[in-house]
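Breakdown of the fold
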Amino acid sequence: MTVDAGGGVIAVIGAGAWGVALANAAARAGGAPVPLWGRDGAAVAAMAATREAGSRLPGVRLEDGVAPAADPAPLANADAVLLVIPAQQIRDALARLRPWLGRKGLPVVICAKGIERASGLFMSDVVREMLPEAAPAVLSGPSFAADVARGLPTAVSLAADDEALAARLARRLSGPALRIYHTTDMRGVEIGGAAKNVLAIACGIVMGRGLGESARAALVARGFAEITRFAEAYGARRDTLMGLSGLGDIVLTCGSRQSRNFAFGEALGRGAPVAEASGGKLTEGAATAAVMLRRAADAGVDMPVSAAVAAILDGRMGIDDAIGELMMRPLRREG
């Protein structure tokens, strides 16, 4: 199966803020209806009735082509699906939806940013395991849901093993305000998206602790260096990490309170307990830190910034001790 660049049906799985934003973008980009599936029947019904995103994105209206539904049946007719649910929930969701998604060659575009905590698998490998007939792809880059939902200018990366498929999907989803670059480096795009969340938590901690912009800049630079080493160890290309899904996403999320991960870290830096710092909001980086370190150890990659975040989240080290340990690391040649 291939996706028609001019109007293939794109379905969205996940009716949270990012799912609504991408459904709106897909509707603007093409003339076909965009099924938007969500498991919360009442919330989806309210969206269908009011044509508003509700508390997920206050003030955002659904584009005319977006069709919210709690019934997964429309997924069976999609030419491609966007998987827009939290990383740690992807396996269970695909097990539930497999009867509608088990078609040979169906492009399944992963829009979550994380590593599966229980197995240590990257998200593309989870999709391959759960839907062996599908064609996984990854969408990631510097993008806040509210910006994309409102049609503000945004650019992201889309990766698939098949370059022709990546290009078709990028053309189908791109619109007047959403520019999508394509690549075949799936591992680089998904690692960039997952790892930057952990670094955003670290930057939030630094700012919440009042350590200043100089400290944040140093942390971004050293954190980016270790993310690049980690990604290259798993076959990613350095130029991918220098692009939208790596450096671009770091620039956005490591200095803005709109980033849930940065805001979570900032609350930690100000003294909030780990259990309360998120304010009940999803923070993918908190679930990613420890498992990313396991994968880094497997590859022989040292990630001191990420290790400090994991130690703080696990309660093995206080913030001031973690900062002191980072500052007292042996001096070395930069690289």
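See the structure above.
A brief report on the enclosed structure follows.

Cut-offs applied
Position labels on residues start from 1 in each chain and follow its written sequence. Under the rules for a predicted model, residues below a pLDDT of 70 receive no local features and side-chain atom pairs below 80 are neither given nor counted, while totals for whole chains, interfaces and linings still include all residues. Derived side-chain values reflect all non-hydrogen atoms in the structure, with water molecules and hydrogen atoms excluded from consideration. Orientation is described by lines fitted to C-alpha atoms, with helices fitted over the stretch in contact, and by angles between N-to-C directions that extend from 0 to 180 degrees. A run of H or I in DSSP counts as a helix once it spans at least four residues, and a run of E counts as a strand once it spans at least two, with each numbered from the N terminus. With respect to orientation, any angle under 35 degrees is reported as roughly parallel, any angle over 145 as roughly antiparallel, any angle of 65 to 115 as roughly perpendicular, and every other angle as oblique. For any pair of crossing helices, the crossing counts as left-handed if the nearer helix is rotated counterclockwise from the farther one by less than a right angle, and right-handed if it is rotated clockwise. We call two residues in contact when some of their heavy atoms are within 4.5 Å. Residue type decides the class: Asp, Glu, Lys and Arg count as charged, Ala, Val, Leu, Ile, Met, Phe, Trp, Tyr, Cys and Pro as nonpolar, and the leftover types, Gly among them, as polar. Under the scheme applied here, a residue whose accessible area is under 20% of the maximum for its type counts as buried, over 50% as exposed, and between as partly exposed, the area being computed with a 1.4 Å probe on protein chains only. Any residue with an atom within 4 Å of a point lines the site, the site being either a cavity, points on a 1 Å grid over the protein atoms alone where a 1.4 Å probe fits but cannot get out, or a pocket, an open set with protein on both sides within 12 Å along at least 5 of 7 lines. Grid points are joined across faces, edges and corners, and a volume is the space filled by probe spheres set on the points. A pairing counts as a salt bridge when a side-chain nitrogen of Lys or Arg comes within 4 Å of a carboxyl oxygen of Asp or Glu. Two strands qualify as a pair provided DSSP detects at least 2 bridges between them. When the strands point away from the viewer and the path from the first strand over the helix to the second turns clockwise, the crossover is right-handed. Two N or O atoms count as a polar contact when they lie within 3.5 Å, although within protein this holds only if one can serve as hydrogen donor and the other as acceptor, and sequence-adjacent residues are included solely when both atoms are side-chain atoms. For Phe, Tyr and Trp, rings pair up if their centres lie within 6.5 Å, where Trp contributes its six-membered ring, and each pair is then called stacked (planes under 30 degrees apart), edge-to-face (over 60) or tilted (otherwise).

What follows deals with the packing of helix α7 (residues 186-208) against helix α10 (residues 244-253). Closest axis-to-axis distance for the α7/α10 pair is 8 Å, and the angle between their directions is 25°. Taken together, the axes of α7 and α10 lie roughly parallel to each other. As α7 packs across α10, the resulting crossing turns out to be right-handed. Contacts between α7 and α10 involve Gly-188, Val-189, Gly-192, Gly-193, Lys-196, Leu-199 and Ala-200 from the first element and Ser-245, Asp-249, Ile-250 and Thr-253 from the second. Considered class by class, the residues forming the contact of α7 with α10 number four nonpolar, five polar and two charged.

With that settled, the discussion passes to the environment of Ala-93. Looking at the element boundaries, Ala-93 is found in helix α3 (residues 90-101). Of the residues examined, Ala-93 reaches a relative accessible area of 13% and is grouped as buried. Expressed as a C-alpha distance, the spacing of Ala-93 and Gly-223, which sit 130 residues apart in the sequence, is 32 Å.

We now examine the layout of surface pockets. Looking at the largest pocket, its volume works out to about 1,400 Å³. Gly-16, Ala-17, Trp-18, Arg-260 and Leu-282 are the residues nearest the centre of the largest pocket, which is lined by 46 residues in total. Looking at the lining of the largest pocket, the elements with two or more residues in it are α1 (17-29), α3, α5 (145-149), α7, α10 and α11 (260-269). Take the lining of the largest pocket: its biggest share by element is four residues, from α11. Classifying every residue of the lining of the largest pocket by side-chain character gives 20 nonpolar, 14 polar and 12 charged. Quantified by volume, the second largest pocket comes out at close to 720 Å³. Surrounding the second largest pocket, 28 residues form its lining, Leu-219, Arg-222, Val-305, Leu-326 and Met-327 being those nearest its centre. Secondary-structure elements contributing two or more residues to the lining of the second largest pocket are α7, α8 (213-233), α14 (304-313) and α15 (319-327). Element by element, the count of residues in the lining of the second largest pocket is highest for α8, at seven residues. Across the lining of the second largest pocket, the residue classes tally to 19 nonpolar, one polar and eight charged.

Taken as a whole and assessed by the stated rule, the structure comprises 19 salt bridges. Between Asp-249 and Lys-196 there is a salt bridge, with its nearest N and O atoms 3.9 Å apart. In this pair, Asp-249 is assigned in helix α10 and Lys-196 in helix α7, connecting sequence segments 53 residues apart. Both residues of the pair, Asp-249 and Lys-196, count as buried. The closest approach of N and O atoms between Arg-329 and Asp-302, which form a salt bridge, is 3.0 Å.

What follows concerns the pairing of strand β6 (residues 135-140). Where burial is concerned, most of β6 is hidden: six out of the six residues are buried. Across the two faces of β6 the burial is the same, with Ala-135, Ala-137 and Leu-139 and Pro-136, Val-138 and Ser-140 all buried. Taken together, the four bridges between strand β5 (residues 107-110) and β6 define a ladder with parallel strand orientation. Its bridge partner lying in β6, Val-108 is registered against Pro-136. After leaving β5, the chain enters helix α4 (residues 123-130) and then returns to the sheet as β6, a path that is right-handed. Of the strand pairs in this sheet, β6 and strand β7 (residues 154-160) are connected by four bridges, and their pairing is antiparallel. Across the sheet, residue Leu-139 finds its bridge partner in β7, namely Leu-158.

Our focus in this paragraph is the environment of Tyr-234. One can find Tyr-234 in the loop between α8 and α9 (238-241). Taking C-alpha positions, Tyr-234 is 27 Å from Gly-265, a pair spaced 31 residues apart along the chain. Residues within four places of Tyr-234 in sequence aside, it is in contact with Phe-122, Arg-187, Ile-191, Arg-295, Asp-298 and Ala-299. Among the polar contacts made by the side chain of Tyr-234, one reaches the main-chain carbonyl oxygen of Arg-295 at a distance of 2.6 Å.

Here we come to the side chain of Glu-266. Tracing the sequence through the fold places Glu-266 in helix α11. Polar contacts involving the side chain of Glu-266 include one to the side chain of Arg-257, which spans 2.9 Å. If we ignore the near neighbours within four places in the chain, the residues touching Glu-266 are Gly-204, Ile-205, Gly-208 and Arg-257.

Bringing the sheet that holds strand β4 (residues 80-83) into the picture now. Spatially, β3-β2-β1-β4-β5-β6-β7-β8 is the arrangement adopted by the eight strands of the open sheet, whose pairing is mixed. At either end of the open sheet lies a strand with only one pairing partner, and these are β3 (66-69) and β8 (178-183). Averaged over all adjacent pairs, the angle separating strand axes in this sheet is 25°, with direction ignored. Contacts from α7 reach β6, β7 and β8, with the element oriented near 45° to β6.

In this structure the tally under the stated criterion is three aromatic pairs. Taking 6.5 Å as the distance between ring centres and 55° as the angle between the ring planes, the aromatic pair formed by Phe-122 and Phe-230 counts as tilted. One end of the pair, Phe-122, is in the loop between β5 and α4; the other, Phe-230, is in helix α8, and 108 residues separate them in sequence. Looking at Phe-230, the relative accessible area reads 1%, which means it is buried. With 5.4 Å between their ring centres and 65° between their planes, Phe-230 and Tyr-234 make a pair best called edge-to-face. Each member of the aromatic cluster is reached from another via a ring pair, and the members are Phe-122, Phe-230 and Tyr-234.

Distances and angles like these do not, on their own, reveal function.
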